[in-house]
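# Remarks on the overall topology
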Amino acid sequence: MLKIKNFLKYAKCLNCNKEFLLFDTYKVNSKEYVCHSCSTQKSYYAKNDAKKGKDTQMTFSFEFETGERNNELFELLKYGFIGCFDGSISGTEWKSPIYSNRKTFHAICRKLDKFAKYINNGCGTHLHVGTKYKHIMEDYEVELFSPILEYMRNNKEKTRKFWGRYFNHYCSGYFEEDRYNTFNTRSSVETLEFRLLKFKNSKQYIRASDFCIDTTKYINYHIAKGNFDSNKAKKIGKIILKKYMEVTENV
């Protein structure tokens, strides 16, 4: 009798949970598979609106860019990520769900350590932190972010270690008239985007992201009080720098 390996064997997709013939799936790891449909890259403009974690006053999400396409990365689908095309990188841009608390966010970051090997020099790991005041932040971006940017430019090695990389065309250390600012107030969604961030390991990324979340929360609080002006923005900019110097003291 003719025997064909894996003939009429089935596997369940780790994302959609539907069963498919084994030869019609991709093997992700020793136990899990993904179907062709779920493995297809989504559009660059696709948004991940899934919510994770108990609600708090803050929300945050990130883009985990990879420098290659490897079946192992499909495991990210299990954690609510969607894989999207991005012409500026050679792999996939994995868009995370929207997290509402740090416990959930930190937990997923620790799961990403095994995938750090797929991040190359062309990749970033941008963090979006929710704000209703991005247009006001844009009006006062120079006052808010000039002090910290100057310090980061003057401390190149510390900047690289804390954020994961140094400034480049996609995350400028100065103020550009487009979205490629390190502190981007021109996001297409209601967020302050931190574009310099790059995942090196979970410890580094969590520490830097926590600073970004705290910074956004602090700015939100003072804008919400009303009567926000240039003088208040300058004072906050100095405080942001002071806090940054504290958290990077031992970097």
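Our structure's up above, just so we're on the same page.
Residues numbered from 1 in each chain as written. Predicted model: local features only at pLDDT ≥ 70, side-chain atom pairs only at ≥ 80, totals over all residues. Heavy atoms only, no water.

## Description of helix H4 (residues 141-154)
Over its 14 residues, H4 runs 19 Å from end to end, which matches the ideal 20 Å to within 8%, given 1.5 Å per residue. Along H4, the helix axis deviates most sharply at Pro147, where the bend reaches about 30 degrees. Here H4 has its buried residues at Glu141, Glu143, Leu144, Phe145, Pro147, Ile148, Leu149, Tyr151 and Met152. Considering only its buried residues, H4 is in contact with helix H3 (134-139), helix H5 (156-163), strand E11 (183-184), strand E12 (191-194), helix H6 (202-224) and helix H7 (230-247). (Helix = DSSP H or I, 4+ residues; strand = E, 2+ residues; numbered from the N terminus. Expected span 1.5 Å × (residues − 1). Bend = angle between axes of the 7 residues up to and from the residue. Buried < 20%, exposed > 50% of the residue type's maximum accessible area, 1.4 Å probe, protein only. Contact = heavy atoms within 4.5 Å.)

## Considering unusual backbone geometry
Positioned with a positive phi, Asn17 is a non-glycine residue whose angle comes to about 65 degrees. At Asn227, a position not held by glycine, the phi torsion is positive, near 55 degrees. Take Asn227: its relative accessible area is 68%, and that puts it in the exposed class.

## What to know about the pairing of E12
Neither face of E12 is exposed, since Thr191 and Glu193 on one face and Leu192 and Phe194 on the opposite face are all buried. By the bridge criterion, four bridges tie strand E10 (residues 127-130) to E12 in an arrangement that is antiparallel. Bridge assignment links Gly130 to a residue of E12, and that residue is Thr191. In this structure, E11 lies alongside E12, joined through two bridges in antiparallel fashion. (Pairing = 2+ DSSP bridges.)

## Things to note about the nonpolar core
Residues Phe62, Phe64, Phe81, Leu127 and Trp163 are the most contacted members of the largest nonpolar core, which totals 63 residues. In contact with Phe81, not counting residues within four places along its chain, are Asn48, Phe62, Phe64, Leu76, Trp94, Lys95, Ser96, Pro97, Tyr99, Ile108 and Leu112. (Core = buried A, V, L, I, M, F, W, Y, C linked by side-chain atoms within 4.5 Å.)

## A few points about empty space enclosed by the protein
All chains considered together, the criterion is met by one cavity of 30 Å³ or more. Counted as a void, the largest cavity has a volume near 50 Å³. Among the residues forming the lining of the largest cavity, the class breakdown is four nonpolar, five polar and one charged. (1 Å grid on protein atoms, 1.4 Å probe; cavity = no way out; pocket = protein on both sides within 12 Å on 5 of 7 lines; lining within 4 Å. Points joined across faces, edges and corners; volume = space filled by probe spheres on them. Nonpolar A, V, L, I, M, F, W, Y, C, P; charged D, E, K, R; others polar.)

## Focus: the layout of surface pockets
In this structure, the largest pocket encloses a volume near 850 Å³. Looking at the largest pocket, it is lined by 38 residues, and the ones nearest its centre are Glu63, Lys95, His128, Ser188 and Val189. Listing elements by their share of the lining of the largest pocket, those giving two or more residues are strand E6 (60-65), strand E8 (93-95), E10 and E12.

## Topic: the packing of H5 against H6
It is at 8 Å that the axes of H5 and H6 come closest, and there the two elements cross at 100 degrees. Judged by the inter-axis angle, H5 sits roughly perpendicular to H6. Of the residues in H6, those touching H5 at Lys161, Phe162 and Trp163 are Gln204, Arg207, Ala208, Phe211 and Cys212. Class assignment of the residues belonging to the contact of H5 with H6 gives a composition of five nonpolar, one polar and two charged. (Axes fitted to C-alpha atoms, helices over the stretch in contact; angles between N-to-C directions. Parallel < 35°, antiparallel > 145°, perpendicular 65-115°, else oblique.)

## Points about the packing of H6 against H7
At a closest axis distance of 11 Å, the pairing of H6 and H7 adopts a crossing angle of 160 degrees. Here H7 runs roughly antiparallel to H6, going by the angle between their axes. Pair H6 / H7 crosses with right-handed handedness. For the pair H6 and H7, contact is made by Arg207, Phe211, Thr215, Tyr218, Ile219 and His222 and by Ile236, Ile239, Ile240, Lys243, Tyr244 and Val247, respectively. Looking at side-chain class alone, the contact of H6 with H7 contains eight nonpolar, two polar and two charged residues. (Left-handed = near helix turned anticlockwise from the far one by under 90°.)

## Structural notes on the pattern of salt bridges
The tally for this structure, following the rule as stated, stands at eleven salt bridges. Across the pair Glu246 and Lys243 runs a salt bridge whose closest N-O atoms are separated by 4.0 Å. Here Lys243 and Glu246 lie together in helix H7, a separation of three residues that amounts to about one turn. The exposure class assigned to Lys243 is partly exposed, which follows from its relative accessible area of 39%. Linked by salt bridges that have partners in common, Arg102, Asp210 and Asp214 make up one network. (Salt bridge = Lys/Arg side-chain N within 4 Å of Asp/Glu carboxyl O.)

## Regarding the side chain of Lys158
With respect to the helices and strands, the residue Lys158 is situated in helix H5. Here Lys158 occupies a buried position and makes no salt bridge, while the nearest side chain of opposite charge, Glu249, is found at 7.9 Å. Setting aside residues up to four positions removed in sequence, Lys158 forms contacts with Tyr151, Thr248, Glu249 and Val251. (Lys, Arg positive; Asp, Glu negative; His and termini not counted.)

What is shown is where atoms sit, not what they do.
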